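Structural features, examined
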Amino acid sequence: DAMVIQNPRYQVTQFGKPVTLSCSQTLNHNVMYWYQQKSSQAPKLLFHYYDKDFNNEADTPDNFQSRRPNTSFCFLDIRSPGLGDAAMYLCATSKGTVGRSTDTQYFGPGTRLTVL
Amino acid sequence: TQLLEQSPQFLSIQEGENLTVYCNSSSVFSSLQWYRQEPGEGPVLLVTVVTGGEVKKLKRLTFQFGDARKDSSLHITAAQPGDTGLYLCAGEPPPGSSNTGKLIFGQGTTLQVKP
């Protein structure tokens, strides 16, 4: 089945130790998003790629970086995780239909990050 | 700035009761999406409403988009424990807005249905 896959589902890292979360999609969608979600709150958009064009949210800390080496894969790098970065990280994709401001977004299952 | 106010934030009810969740804004949206998220999982799309006044039904769930496309509601009839989860509304800004390409999320409604 076409889907959005995130690995790992659970990640434990130490304070200050770099960590990379990965997302892959078989939907062939143009747009990939990374969100941070804390308990029982709405997802907060960190950044998104429209094809190869990177769009950073103004309030996303420099500690968070992203890479999209090809259509299918997108990575979230946290360079020096702090305790406040412990959260669920969600990847989402959308078609990116020409002429539409946005499309339905399809979410992956998320990666739960714990920072010790 | 486009905002979606979602209410209530928390709801705990008994099995069999009905409930309504609201999403309100002063801004117009091209469409509005409703998601349900279970603990430890990503949000799953329930429905997208596009036309002002549109009503969509998904089994015991009824979704309505306001005539002016500024608000939406989700009504659940005879809630069941399996309905427990976080419900999120998300609005699609109209073309040309400063938030083009992004979804505007409501704060979420945590629903607990007790057996």
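One can find the structure itself at the top, above this paragraph.
Residues numbered from 1 in each chain as written. Chains lettered and ligands numbered in written order. Predicted model: local features only at pLDDT ≥ 70, side-chain atom pairs only at ≥ 80, totals over all residues. Heavy atoms only, no water.

The next point concerns unusual backbone geometry. Put simply, Asn7 of chain A and Pro8 of chain A share a cis peptide bond, and its omega is -10°. Note that Pro8 of chain A resides in the loop between β1 (4–7) and β2 (10–13). The step from Ser7 of chain B to Pro8 of chain B runs through a cis peptide bond, and the omega angle for that step is -10°. You can see Pro8 of chain B is positioned in the loop between β1 (5–7) and β2 (10–14). Unlike most non-glycine residues, Ser40 of chain A shows phi in positive territory, near 55°. Its relative accessible area of 38% is what places Ser40 of chain A among the partly exposed residues. Phi at Asp51 of chain A is positive, roughly 60°, even though this residue is not glycine. Assignment of secondary structure puts Asp51 of chain A in the loop between β5 (44–50) and β6 (53–56). (Helix = DSSP H or I, 4+ residues; strand = E, 2+ residues; numbered from the N terminus. Buried < 20%, exposed > 50% of the residue type's maximum accessible area, 1.4 Å probe, protein only.)

Here Thr48 of chain B is to be found in strand β5 (residues 44–49). In contact with Thr48 of chain B, other than residues within four places in its own chain, are Thr104 of chain A together with Ser31, Leu32, Gln33 and Lys56 of chain B. (Contact = heavy atoms within 4.5 Å.)

Time to look at the sheet that holds strand β8 (residues 71–76) of chain B. Residue and element names in this part refer to chain B. Ordered by their spatial adjacency, five strands build an open sheet running β1-β3-β8-β7-β6, and the pairing between neighbours is antiparallel. The open sheet is flanked by β1 and β6 (55–58), the only strands paired with a single partner. Strand-to-strand, the axes of this sheet are offset by a mean angle of 15°, without reference to chain direction. As defined by bridge partners, strand β3 (residues 19–24) adjoins β8 across six bridges and the pair is classed as antiparallel. Residue Leu19 lies in a different strand from β8, and its bridge partner there is Ile76. (Pairing = 2+ DSSP bridges. Axes fitted to C-alpha atoms, helices over the stretch in contact; angles between N-to-C directions.)

Contact residues are listed per partner, giving 22 residues for chain A and 23 residues for chain B. Each partner contributes to the roughly 1700 Å² buried at the junction of chain A and chain B, and carbon and sulfur atoms together form 54% of this total. Counting across the chain A and chain B interface gives six residue pairs in polar contact (both at pLDDT 80 or more). Contributions of two or more residues to the side of chain A that touches chain B are made by β4 (31–37), β5 and β9 (87–94) of chain A. For the side of chain A that touches chain B, the element with the most residues is β4 of chain A, which contributes three residues. (Buried area = accessible area lost by both parts, 1.4 Å probe. Polar contact = N/O pair within 3.5 Å; in protein donor to acceptor, adjacent residues only side chain to side chain.)

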